[in-house]
Amino acid sequence: MTRHQGFDIRVAPEVKEQIRQLGLQRRRESRQAVSALDRLAHEGTRAAGASKLRGLDLWEVRAGQIRLFFSPVPRSRRIAVGAMVVKKTKRLRMARLRHLESVTHRWRTEVENER
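Bear in mind that the values here come from a model prediction, so they are computed numbers and not experimental data.

(A) Quick look at the packing of helix H1 (residues 13–25) against helix H2 (residues 27–43). Orientation of H1 relative to H2, taken along the N-to-C sense of each, is 145°, at an axis distance of 6 Å. Residues Ile19, Leu22, Gly23 and Gln25 of H1 pack against Arg27, Glu29, Ser30, Ala33, Val34 and Leu37 of H2. Residues of the contact of H1 with H2, tallied by class, amount to five nonpolar, three polar and two charged.

(B) Region of interest: the nonpolar core. Core analysis: the largest hydrophobic core is formed by 25 residues, its most contacted members being Val15, Leu40, Leu68, Phe70 and Val81. Put simply, the parts of the chain that give this core at least two residues each are strand E1 (8–11), H1, H2, strand E3 (59–63), strand E4 (66–72), strand E5 (78–86) and helix H3 (94–113). Beyond its immediate sequence surroundings of up to four residues, leucine 68 is in contact with Val15, Ala33, Ala36, Leu37, Trp59, Glu60, Val61, Val81, Ala83 and Met84. With eight residues, the next largest nonpolar core counts Phe69, Ala83, Val85 and Leu97 among its residues.

(C) Fine view of the sheet that holds strand E2 (residues 50–52). With mixed pairing, five strands are arranged side by side in an open sheet as E1-E5-E4-E3-E2. Each edge of the open sheet is held by one strand with a lone partner, namely E1 and E2. Each strand axis lies, on average, 30° off the axis of its neighbour in the sheet, ignoring direction. Taken strand by strand, H2 contacts E1, E3, E4 and E5, and its axis lies near 135° from that of E3. Sheet strands touched by H3: E1, E4 and E5. Its angle to E5, the strand with the most contacts, is close to 150°.

(D) View of the packing of aromatic side chains. The final tally for this structure, using the stated rule, is one aromatic pair. Cation over ring: arginine 77 sits above phenylalanine 7, and NZ or CZ is 4.3 Å from the ring centre.

(E) Structural detail: the layout of surface pockets. There is about 250 Å³ of room inside the largest pocket. Lining the largest pocket are Leu53, Glu60, Arg62, Arg67, Phe69, Lys87, Lys90, Arg91, Leu92, Met94 and Leu97. Where the lining of the largest pocket is concerned, the elements lending two or more residues are E3, E4 and H3. Classifying every residue of the lining of the largest pocket by side-chain character gives five nonpolar, no polar and six charged.

(F) Molecular detail of the side chain of glutamate 60. Locating glutamate 60 in the fold gives a position in strand E3. Judged by its relative accessible area of 7%, glutamate 60 falls in the buried class. Not counting residues within four places of it along the chain, the set of residues in contact with glutamate 60 comprises Gly49, Ala50, Ser51, Leu53, Arg67, Leu68, Phe69 and Phe70.

(G) Local environment of unusual backbone geometry. Non-glycine residue arginine 75 carries a positive phi angle of around 60°. Positionally, arginine 75 belongs in the loop between E4 and E5. Among the residues examined, arginine 75 registers a relative accessible area of 69% and is labelled exposed.

(H) Quick look at the pattern of salt bridges. On inspection of all chains with the given rule, the structure shows seven salt bridges. In this structure, the salt-bridge partner of aspartate 8 is arginine 78, at a minimum N-O distance of 3.9 Å. Pair noted here: aspartate 8 is in strand E1 and arginine 78 is in strand E5, with a separation of 70 residues, a long-range link.

Analysis parameters
Residues numbered from 1 in each chain as written. Predicted model: local features only at pLDDT ≥ 70, side-chain atom pairs only at ≥ 80, totals over all residues. Heavy atoms only, no water. Axes fitted to C-alpha atoms, helices over the stretch in contact; angles between N-to-C directions. Helix = DSSP H or I, 4+ residues; strand = E, 2+ residues; numbered from the N terminus. Contact = heavy atoms within 4.5 Å. Nonpolar A, V, L, I, M, F, W, Y, C, P; charged D, E, K, R; others polar. Core = buried A, V, L, I, M, F, W, Y, C linked by side-chain atoms within 4.5 Å. Buried < 20%, exposed > 50% of the residue type's maximum accessible area, 1.4 Å probe, protein only. Pairing = 2+ DSSP bridges. Phe/Tyr/Trp six-rings, centres within 6.5 Å; stacked < 30°, edge-to-face > 60°. Lys NZ or Arg CZ within 6 Å of the ring centre and 35° of its normal. 1 Å grid on protein atoms, 1.4 Å probe; cavity = no way out; pocket = protein on both sides within 12 Å on 5 of 7 lines; lining within 4 Å. Points joined across faces, edges and corners; volume = space filled by probe spheres on them. Salt bridge = Lys/Arg side-chain N within 4 Å of Asp/Glu carboxyl O.

Have a look at this one:
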């Protein structure tokens, strides 16, 4: 029996900077974001807190108040994390989600072209 090696998580530079800034202000939430990335690396789209958003070609993983938006790269074991939001309201509006989807897809295209 073989065991899969996990997933290659590619995080956009903007998201890395957001996590770093978050670590300077609120360490707990920063650790939650890093933990969510680790879960994605081990389990992919089956990770705890990961779900596909209805009506969009976009996935999210939850970590406390933080939402990391990602998209699996086709024909590979890569996952492109393209956006992060600290969610304090009950619901994100569809216009905001569509913007996050376009940002994430732009990053996924860059990751896909790295081959």
